[in-house]
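Topology and contacts: notes
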Amino acid sequence: MRRGGSAAPQEVLLMLRKTALVLLLALFLLGTGCQSQPAPEGGSSMTLQITSSAFSEGGNIPQKYTCDGEDASPPLAWSGVPAGTQSLALIADDPDAPVGTWVHWVLYNIPPDLPGLPEGIAKTASVEGTGQQGNNGFRKAGYGGPCPPKGKPHRYFFKLYALDTVLGLEAGASKADLEKAMQGHILAQGQLMGLYGR
């Protein structure tokens with residue numbers, strides 16, 4: 001330090017460099033934290049891979065799978081189900097709906113050895129060999145396809161969960177019921193996002 005308590009130019013530069021590095025590190029950590037989702041309660045950060053032959057990640061969902069078409073559920077396939085999985089659960093929703101997140105599909109107690117779902121799952125409370133279906137935002141059992149208002153395309157997330165238990169939920173459960181029942185039982189999860197607009 002120089003007389004009068006002022007730092008030498010080299011010391012000031014060193015302090016500025018250290019401060020800049022700390023800020024850059026903080027921004028990096030903040031950015032990565034925003035992009036990744038925390039591990040579910042009682043679970044791990046294992047990831048399931050979920051795909052569809054009808055659309056790719058971030059791609060457009062064909063009209064066939066919407067209210068403007070056949071309103072059929074899209075074909076889905078998945079991999080990476082961890083050992084110890086007792087059942088799978090699926091939630092499809094739209095966070096861009098004007099009234100808040102809109103639920104399009106609630107499906108649970110899917111057999112863990114099932115590698116995916118064909119298109120056009122029956123819209124019944126229970127589907128033999130496939131699982132049980134809850135009520136969607138349209139207050140109906142099964143899949144209700146994208147049906148957004150005119151404007152910017154909405155994002156539709158198909159979220160798959162591997163669980164360490166078979167859920168005791170009755171048919172017709174809501175998304176909230178399913179999420180509550182899954183707490184502490186999620187071994188792995190993954191998602192597929194598709195777009196649809198009018």
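Every value quoted in this text rests on a predicted model; they were computed, and no experiment measured them.

Definitions and cut-offs
- Residues numbered from 1 in each chain as written.
- Predicted model: local features only at pLDDT ≥ 70, side-chain atom pairs only at ≥ 80, totals over all residues.
- Heavy atoms only, no water.
- Helix = DSSP H or I, 4+ residues; strand = E, 2+ residues; numbered from the N terminus.
- Polar contact = N/O pair within 3.5 Å; in protein donor to acceptor, adjacent residues only side chain to side chain.
- Disulfide = S-S within 2.5 Å.
- Buried < 20%, exposed > 50% of the residue type's maximum accessible area, 1.4 Å probe, protein only.
- Salt bridge = Lys/Arg side-chain N within 4 Å of Asp/Glu carboxyl O.
- Core = buried A, V, L, I, M, F, W, Y, C linked by side-chain atoms within 4.5 Å.
- Contact = heavy atoms within 4.5 Å.
- Phe/Tyr/Trp six-rings, centres within 6.5 Å; stacked < 30°, edge-to-face > 60°.
- pLDDT = per-residue confidence, 0-100.

Quick notes on the side chain of Thr 85
- Secondary-structure assignment places Thr 85 in the loop between strand 3 (76-79) and strand 4 (87-94).
- A distance of 2.7 Å separates the side chain of Thr 85 from the backbone oxygen of Pro 82, its partner in a polar contact.

Looking at the state of the cysteines
- Per the stated rule, a full pass over the model turns up one disulfide.
- There is a disulfide in this structure between Cys 67 and Cys 147, and the S-S distance comes to 2.1 Å. Taking the torsion about the S-S bond as the criterion, the Cys 67 to Cys 147 disulfide, at about 80°, is right-handed. On the criterion of sequence distance, the pair formed by Cys 67 in the loop between strand 2 (49-51) and strand 3 and Cys 147 in the loop between strand 8 (131-133) and strand 9 (154-163) is long-range, its members being 80 residues apart.
- For Cys 67, a relative accessible area of 30% corresponds to the partly exposed category.

Points about the pattern of salt bridges
- By the definition in use, this model includes six salt bridges.
- For Arg 198, the salt bridge identified is with Asp 68, shortest N-O distance 2.7 Å. A residue pair is termed long-range when its members are at least 10 positions apart, and Arg 198 in the segment after strand 10 (186-196) and Asp 68 in the loop between strand 2 and strand 3 qualify at 130 residues.
- Classification of Arg 198 as partly exposed rests on a relative accessible area of 42%.
- Here Asp 71 makes a salt bridge to Lys 123, at a shortest N to O gap of 3.0 Å. With Asp 71 in the loop between strand 2 and strand 3 and Lys 123 in the loop between strand 6 (116-117) and strand 7 (126-127), this pair connects stretches of sequence that are 52 residues apart.
- Lys 123 sits in the partly exposed class, given a relative accessible area of 40%.

Digging into the nonpolar core
- Within the largest apolar cluster, 25 residues are counted, with the highest numbers of intra-cluster contacts made by Ile 50, Leu 76, Trp 78, Leu 90, Trp 105, Leu 117 and Phe 158.
- Elements that contribute at least two residues to this core include exactly strand 3, strand 4, strand 5 (102-110), strand 9 and strand 10.
- Per element, the largest residue contribution to this core is four residues, and it comes from strand 9.
- When neighbours within four sequence positions are excluded, Ile 50 is seen to be in contact with Leu 76, Ala 77, Trp 78, Leu 90, Phe 158, Leu 160, Gly 190, Gln 191 and Leu 192.
- Listed in part, the 13 residues of the second largest apolar core include Tyr 161, Leu 163, Ala 173 and Met 182.

What about the packing of aromatic side chains?
- Under the defined criterion, the tally for this structure stands at three aromatic pairs.
- Relative to Tyr 143, the ring of Trp 105 lies with its centre 5.2 Å away and its plane at 75°, an arrangement referred to as edge-to-face. You can see Trp 105 sitting in strand 5 and its partner Tyr 143 sitting in the loop between strand 8 and strand 9, a full 38 residues away along the chain. Each member of the pair, Trp 105 as well as Tyr 143, is classed as buried.

Some details on the confidence of the model for the protein
- Residues of the protein with pLDDT of at least 70 account for 78%, and the chain-wide mean is 86.
- Segment residues 1-6: pLDDT under 50, and five contacts once partners within four positions in sequence are set aside and those in other chains are kept.
- Note on residues 28-44: pLDDT under 50 across the span, and 14 contacts to partners over four residues away in sequence or across chains.

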